[in-house]
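Take a look at the letters that make up each chain.
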Amino acid sequence: MKTETRKTPSFTIGVEEEYMLVHPETGSLVRKVPRSLMPAMKRKLGKSVSPEFLQSQVEIGTPVCKSVQEARNQLIDLRASVSEIAHQHDMAIIAASTHPFANPQEQHITHKPRYVNLARDLQAVVRRLLISGMHVHVGINDNDLRIDLMNQASYILPHLLALSTSSPFWHGTDTGLKSYRMSVWDEMPRTGLPHTFETFSEYQRHVDVLVKAGVIEDATKVWWDMRPSARFPTLEMRISDLCTNVKDAACIAALFQCWLRMLYRLRMSNMRWRQYSNWLIGENRWRAHRYGTDNGLIDFGRGSIVEYSQLLDEILSHIKEDAEALNCVREVRHAKTILKRGTSAHRQLKVYYQAIEKGKSETEALKHVVDWLRKETIKF
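Residues numbered from 1 in each chain as written. Predicted model: local features only at pLDDT ≥ 70, side-chain atom pairs only at ≥ 80, totals over all residues. Heavy atoms only, no water.

Enquirer: Mind laying out helix α6 (residues 157-164), listing which residues take part and the relevant values?
Expert: The buried fraction of α6 amounts to eight of the eight residues, a majority that puts the element mostly inside the structure. Looking only at α6, the buried set comprises Leu-157, Pro-158, His-159, Leu-160, Leu-161, Ala-162, Leu-163 and Ser-164. (Buried < 20%, exposed > 50% of the residue type's maximum accessible area, 1.4 Å probe, protein only. Helix = DSSP H or I, 4+ residues; strand = E, 2+ residues; numbered from the N terminus.)

Enquirer: If you had to explain the layout of surface pockets to someone new, which residues and values would you point to?
Expert: Volume-wise, the largest pocket comes out at about 1,200 Å³. Lining the largest pocket are 47 residues, with Glu-16, Glu-52, Glu-59, His-135 and Arg-231 sitting closest to its centre. Taken together, the elements giving at least two residues each to the lining of the largest pocket come down to β1 (13-22), β2 (49-51), β3 (57-61), α3 (113-122), β5 (134-139), α7 (180-185) and β9 (234-237). No other element matches β1, which puts five residues into the lining of the largest pocket. Here the lining of the largest pocket is built from residues that sort into 17 nonpolar, 16 polar and 14 charged. There is about 200 Å³ of room inside the second largest pocket. Considering the residues around the second largest pocket, the lining is formed by Arg-347, Lys-350, Val-351, Gln-354, Ala-355, Lys-358, Lys-360, His-368 and Trp-372. Secondary-structure elements contributing two or more residues to the lining of the second largest pocket are α14 (344-357) and α15 (362-377). Among the elements that make up the lining of the second largest pocket, the one with the highest residue count is α14 (five residues). (1 Å grid on protein atoms, 1.4 Å probe; cavity = no way out; pocket = protein on both sides within 12 Å on 5 of 7 lines; lining within 4 Å. Points joined across faces, edges and corners; volume = space filled by probe spheres on them. Nonpolar A, V, L, I, M, F, W, Y, C, P; charged D, E, K, R; others polar.)

Enquirer: Tell me about the nonpolar core, and please be specific about residues and values.
Expert: Counting residues in hydrophobic clusters, the biggest one holds 92 residues, and the most contacted among them are Leu-255, Trp-259, Leu-260, Ile-319 and Val-332. Ranked by residue count, the leading element in this core is helix α9 (residues 246-268), at 16 residues. The next biggest cluster of nonpolar side chains, apart from the first, holds 35 residues, and it includes Leu-118, Leu-130, Ile-131 and Met-188. (Core = buried A, V, L, I, M, F, W, Y, C linked by side-chain atoms within 4.5 Å.)

Enquirer: How would you sum up the packing of aromatic side chains? Please name residues and give values.
Expert: Applying the stated criterion across every chain, the model contains 15 aromatic pairs. Geometrically, the ring pair formed by Tyr-155 and Phe-300 is edge-to-face, given 6.1 Å between the ring centres and 75° between the ring planes. Placement of Tyr-155 in the loop between α5 (143-153) and α6 and of Phe-300 in the loop between β10 (297-299) and β11 (304-306) is noted, with a sequence separation of 145 residues between them. Measuring from ring centre to ring centre gives 6.1 Å for Phe-197 and Trp-224, while their planes differ by 25°; the resulting arrangement is stacked. Of this pair, Phe-197 sits in the loop between α7 and α8 (200-212) while Trp-224 sits in the loop between α8 and β8 (226-228), and the two are 27 residues apart along the sequence. Phe-197 gets classed as buried once you look at its relative accessible area, which sits at 7%. (Phe/Tyr/Trp six-rings, centres within 6.5 Å; stacked < 30°, edge-to-face > 60°.)

Enquirer: Explain the pairing of β3 to me, and be specific about the residues and the numbers.
Expert: When you tally the buried positions in β3, you get five out of five residues, the bulk of the element. Here β3 shows two buried faces, one formed by Gln-57, Glu-59 and Gly-61 and the other by Val-58 and Ile-60. Two strands pair when backbone bridges link them, and β1 and β3 are joined in this way by five bridges, in the antiparallel orientation. Across the sheet, the residue bridging to Glu-18 is Glu-59, located in β3. Looking at chain direction, β2 and β3 are connected through three bridges and run antiparallel. Among the inter-strand pairings, Val-49 is bridged to a residue of β3, identified as Ile-60. Between the antiparallel neighbours β2 and β3 lie five residues. (Pairing = 2+ DSSP bridges.)

Bear in mind that shape data such as this cannot, by itself, settle questions of function.
Written as structure tokens, this is what we have:
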């Protein structure tokens, strides 16, 4: 077989994050934001900041970055700026995929046509959408290559979710899940693991059917765990929870970026990663959703559950060459730090139960969790 001469992808990187706005004194979620908030943020951050579905949320996006370090520095600047402007309006921000005790039924949507139409279309499903996520874009200009890498990269998605979990609480309750966000998100249509396609044209034909039927306006309404971005020449990873710690966010972004480069490297050697069915990957997705890193994931080759630490060692071994080439060895190795000290979900639960042990009420303990989230979000 002849080795292809396709132009090497840029593997540039960009990150989007969604923060929640809280009252500093009570820790409760802000229901209605002052009209001056978003204009103030726009004046300082321009297109890098935008409103989200709920008024209590703010979305930021880095510019196209040549390295993970650049993306991390952009996230630091954006978090600091959004936090500063929120503080000027007597609010604070937290980076977590659920608020520990907010009631989703009490929130107010942002009055933009897109969001109003979404609320009208999805009704009770979207009224539970009090969740935040982190999306990682990796630059791959060739459309067919994006599809080919998407087909193979689905395997790693549960591993990324497990390492990023930050949503153990819902409406004041320890859910027993490390990523309750996934329970809420999976109620939405066109979510879950991406489907497989032979070419980008085949993918586009499926999108066109839904557009022609009037079900969606465009491919931005395809909300899979990973998708070819409809706005940028990127492959967009969407499965991860929002990392509270910015170093954790950079780690997740670097792992995804390196995994895609590794898959491309295999392709250039006329090899490829084995594609597993969504049935099997979906079982690991559930384990990551339920346990995070605690109870291992299934190694499909062995046919057994393997500790996450062992799987992580294998991942780091596979992408060693790629991390070196992309100059993000430190960032991917940070995964071991996350595993040792716990994800945001682990740490939130620790704060909560330590407060309970000290005699605090459940309400007080949940407030302690919000206080920890506030500090950790802007701990650089």
